[in-house]
Every structure is written in C-alpha cells, then in structure tokens.
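Structural overview
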Amino acid sequence: MTGEAPQTVEDEIRRRIEADGPMPFEAYMAACLGAEEAGYYQTRDPFGEAGDFVTAPEISGMFGEMCGLYLAHMYELSGKPADAVVAELGPGRGTLMRDMRHAWSALMPELAAAPVHLVETSPVLRSIQNGTIGESAPVTWHADTDELVAGIEGPLFGIANEFFDALPDAPQDGMVAELCPQADLVMAALARSVSARGGAMLVIDYGRDGNPGDSVQAVAAHKPVDLFHEPGQADLSHWVDFAALRRAAETQGARLIGPVALGRFLMRIGLAMRAEQAGAHAGPEERRALLAAIDRLTSPAQMGEVFKVALLVPAGTGRPPGFETEEPR
Ligand code: SAH
C-alpha cells in the first residue's frame, strides 16, 4: 500500500490475525472501540435517538442534578476540602458534568469552582465535551485513569457512568466467566487516590454483584447485532462485575459501597421530589415528559434494575444515603 487511505477496524484486525494468528477477544474489543482514527468511540457521537444508544444523562437533566446533589452531600460530609478536584471517566457528550455543575452552581459553589478533570480517549467526544463545559470550567483531559490520578493532588469527587462497561473484556472458558483486568486496574488507581487523599466517586453501570458470564453485547441503531458485525461500527459492552471492582478497591485500602439498583437509589435520594418541584410550574406536556423520564430511569422493566450504583470512599464504616438498607459487608 502506498497511499494513506484510512484503515477500517476490520482491515486492521485482518492484518493482525494474518500476521500473529488468533486474537484474544479482549484485543478485538479494544480495537473495535478504541483503534486510533477508526475505532467506534474515536469516530462518532453515538448517543441519542439518532445514534446507537441512549444513556441516563441524555434521558433527563434530573439524572445529572441528582448525582451532583449526591456528590455535594459527600463533599459536605468530608468537611468541604478546599483543594477538591472534580472528575469524570468517559464523559460522552459532557451532559452529565454540565448538569452536575448546574446543581453545584446553585447549592455548592465550592464544587462548581473546582478544577474539572476528564478521562476520555476519543478526539471527537473531547471536542463535544469542550463545547458543553469548556467555556464555564477549567477542564483538563487525560488519556487514562493513571494519568488522572498522577495529575491531581486533592481529594477526588466524581463519577463514571457507563464507562466500565466499555473497557475490554476477557471472556474465559468459552465465555462461562468474564474478567475485565482493565476495570480492576482503573478501580485500583481511583481507590489508591481516594484512600490517600479522600473523596467520593459514584460508579454507575449495568451489571451485577458478581461475575456475569457471557454478557458481552453489540448494539447498533438501538438493536442488538452480532459481536463480529462490522467491527468498529457497533457499540460493544459487557455487564460490570461490581464484586470484582469492590475487591480491587479493597486491595488499595478503600471501600466500594453497594451496588444498589439505580431505580431504588434515585428514589431513595429524592428523585420523585425533585420531579415534583420541576413539574410544579410546568405545563401538561412537560409534566408528561418528566414522568416518562422517571419511569425510564427507575422502572425495573427499563433501566431501574439492571443498572447499579456503587460509591467509592475511603475505608470506614457507616452507610451514606441511598445505600442504607443494603446488607453490610
Ligand atoms: N458517560 C457518558 C458516556 C458513556 S459511553 C454518558 O453516560 O452518556 C463511554 C464513554 O467512555 C465515552 O465517552 C467513550 O469515549 C469513553 N471511553 C470508552 N473507552 C474508554 C477508554 N478505554 N478510555 C477512556 N475513555 C473511554
């Protein structure tokens, strides 16, 4: 080949298999999602009705506001450290960070003034994030979590929504069990930081408290497709194993509380009240939209049950709001 024609992910995968033989699934998933210039997230904005899938922050601004209020509460419990750093892993369009900052600007100006650190590999999404929040906040982007943790000094208050499910999975024994070594490393890096300097990180993802096994899925235009369908053109994801994340946190002397189901969590921390407030001065159309959003986020038939929430905090006891009645571990 002489020219610089952009390679597709499929070309690249074929070339690697011809050169090196069979490729582990983990490497396949990493190439589909992250291959430079051609990978799924590198080349597009996949979110929303016109894209491939819809995430919670894109359903309603109330999601980000509730997460923001939650982190503000944790910040207050930590004694409002002046050197706090705000972080998000995999911020997508930047909608969640924008909505959290919106809540802070009214109720916790200290967090609204904190520097914002984002972990994002996609140049396309970095530029969209810059448009969404770059004007109102000093933003620093990092290529990975190690770089984030090395680049900050204060306690970390932040969130990862649908980030861990996109990290390459390593199915074992014909997909009977799945391991995600990268997820464990990311969690260990966050936990090291939180255990040494304090802070609180919300982790929200679809998954369960244990190894899911055989959960890898591909989605394009809101429909399931084959895992090997047009590599790099479909979203690949897998259920997150929260028990593995908890072990990774504990090895660093931190604590991962939960997981609890998203619907239960949001209701416990007052989503319905928030919607009532928002609906008080709204017309019927807007009120219907608020109710539809709540149903989508909390009903077990939709996102309320398969999505889970966990909270990374320094070692200790006690259960913060939203996690109260879960069995202590
Ligand atoms: N949190 C957003 C987007 C979730 S999609 C929302 O809820 O709408 C996953 C996000 O993680 C995207 O921004 C994607 O580009 C980013 N991402 C995926 N794999 C990554 C990796 N290995 N390192 C850094 N960012 C990654």
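You'll find the structure just up there.
What comes next concerns the included structure.

Criteria and thresholds
- Residues numbered from 1 in each chain as written.
- Predicted model: local features only at pLDDT ≥ 70, side-chain atom pairs only at ≥ 80, totals over all residues.
- Heavy atoms only, no water.
- Near = heavy atom within 4 Å.
- Polar contact = N/O pair within 3.5 Å; in protein donor to acceptor, adjacent residues only side chain to side chain.
- Areas by Shrake-Rupley, 256 points an atom, 1.4 Å probe, with all protein chains shown as cover.
- 1 Å grid on protein atoms, 1.4 Å probe; cavity = no way out; pocket = protein on both sides within 12 Å on 5 of 7 lines; lining within 4 Å.
- Sits in = over half its atoms within 2 Å of the grid points.
- Points joined across faces, edges and corners; volume = space filled by probe spheres on them.
- Helix = DSSP H or I, 4+ residues; strand = E, 2+ residues; numbered from the N terminus.
- Nonpolar A, V, L, I, M, F, W, Y, C, P; charged D, E, K, R; others polar.
- Expected span 1.5 Å × (residues − 1).
- Buried < 20%, exposed > 50% of the residue type's maximum accessible area, 1.4 Å probe, protein only.
- Axes fitted to C-alpha atoms, helices over the stretch in contact; angles between N-to-C directions.
- Parallel < 35°, antiparallel > 145°, perpendicular 65-115°, else oblique.
- Left-handed = near helix turned anticlockwise from the far one by under 90°.
- Contact = heavy atoms within 4.5 Å.
- Core = buried A, V, L, I, M, F, W, Y, C linked by side-chain atoms within 4.5 Å.
- Salt bridge = Lys/Arg side-chain N within 4 Å of Asp/Glu carboxyl O.
- Pairing = 2+ DSSP bridges.

Turning next to the site of the ligand. Taken together, 16 residues are adjacent to the ligand, and Thr55, Gly90, Gly92, Glu120 and Asn161 come closest. The contact in question runs from a nitrogen atom of the ligand to an N or O atom on the backbone of Gly90, over 2.7 Å. About the coverage of the ligand: the protein hides 92% of its 570 Å² of free accessible area. When atom positions are compared with the pocket grids, the ligand is found to occupy the largest pocket.

To continue, consider the layout of surface pockets. Its boundaries defined by the atoms lining it, the largest pocket holds a volume of some 850 Å³. Residue lining of the largest pocket: 41 residues in total, with Glu120, Thr121, Phe163, Ala166 and Leu167 positioned closest to the centre. At the level of elements, helix 2 (25–34), helix 3 (56–59), helix 5 (95–107), helix 8 (145–150) and helix 9 (181–197) are the ones that each hand at least two residues to the lining of the largest pocket. The set of elements that each furnish at least two residues to the lining of the second largest pocket consists of strand 8 (217–220), strand 9 (223–225) and strand 10 (235–237). The class makeup of the residues in the lining of the second largest pocket is 10 nonpolar, 4 polar and 6 charged.

Another point: helix 5. Count 3.6 residues to each turn of an α-helix, and residues three or four apart come out pointing the same way. The end-to-end C-alpha distance of helix 5 is 19 Å, a good match for the 18 Å that 13 residues give at a rise of 1.5 Å each. Among the residues of helix 5, Thr95, Leu96, Met97, Asp99, Met100, Arg101, Ala103 and Trp104 are the ones counted as buried.

All right, on to unusual backbone geometry then. Keep in mind that most residues, glycine aside, have a negative phi and that most peptide bonds are trans. The amide bond that connects Gly258 to the next residue, Pro259, takes the cis arrangement and shows omega of 5 degrees. Summarising the element assignment, Pro259 is placed in strand 12 (residues 254–261). Phi is positive for Glu37, close to 70 degrees, though the residue is something other than glycine. Locating Glu37 in the fold gives a position in the loop between helix 2 and helix 3. Of note in this structure, Lys80 is not a glycine but carries a positive phi near 45 degrees. With respect to the secondary-structure elements, Lys80 resides in the loop between helix 4 (61–77) and strand 1 (85–89).

Closest axis-to-axis distance for the helix 1 (residues 9–20)/helix 2 pair is 9 Å, and the angle between their directions is 150 degrees. It follows from the interaxial angle that helix 1 and helix 2 lie roughly antiparallel. Between helix 1 and helix 2 lies a crossing of right-handed hand. Between helix 1, through Val9, Ile13 and Arg16, and helix 2, the contact on the second element is made entirely by Ala27, Tyr28, Ala31 and Cys32. Along the lines of polarity and charge, the residues of the contact of helix 1 with helix 2 split into 6 nonpolar, no polar and 1 charged.

All right, on to the nonpolar core then. Counting residues in hydrophobic clusters, the biggest one holds 51 residues, and the most contacted among them are Phe63, Trp104, Leu202, Phe265 and Leu311. Look past the residues within four positions of Trp104 in its chain and what remains in contact with it is Gly68, Leu71, Ala72, Val86, Met97, Pro109, Leu111 and Ala112. By size, the runner-up hydrophobic cluster in this structure holds 29 residues, among which are Ala87, Ala248, Ala254 and Leu312.

Below, the discussion takes up the pattern of salt bridges. With the rule as written, the count across this model stands at 13 salt bridges. Here Glu110 makes a salt bridge to Lys80, at a shortest N to O gap of 3.3 Å. Placement of Glu110 in helix 6 (residues 109–112) and of Lys80 in the loop between helix 4 and strand 1 is noted, with a sequence separation of 30 residues between them. Here Arg192 and Asp146 are joined by a salt bridge, their closest N and O atoms 3.9 Å apart.

Backbone-to-backbone hydrogen bonds pair the strands of a sheet. The strands run either parallel or antiparallel. Pairing in this open sheet of 3 strands is antiparallel, and the strands run 9-8-10 from one edge to the other. Pairing within the sheet leaves two strands with one partner each, and these edge strands are strand 9 and strand 10. The sheet shows a mean angle of 40 degrees between the axes of neighbouring strands, direction not considered. Taken together, the 3 bridges between strand 8 and strand 9 define a ladder with antiparallel strand orientation. When the sheet's bridge partners are listed, Ala218 is paired in strand 9 with Val225.

Moving on, we come to the environment of Gln129. Mapped onto the elements of the fold, Gln129 is located in helix 7 (residues 123–133). Sequence separation between Gln129 and Met97 is 32 residues, and the spatial gap between their C-alpha atoms is 9.1 Å. Discounting residues that sit within four places of it in the chain, Gln129 has contacts with Pro91, Gly92, Arg93, Gly94, Leu118, Glu120, Gly134 and Trp141. In this structure the side chain of Gln129 is engaged in a polar contact, spanning 2.9 Å, whose partner is the side chain of Trp141.

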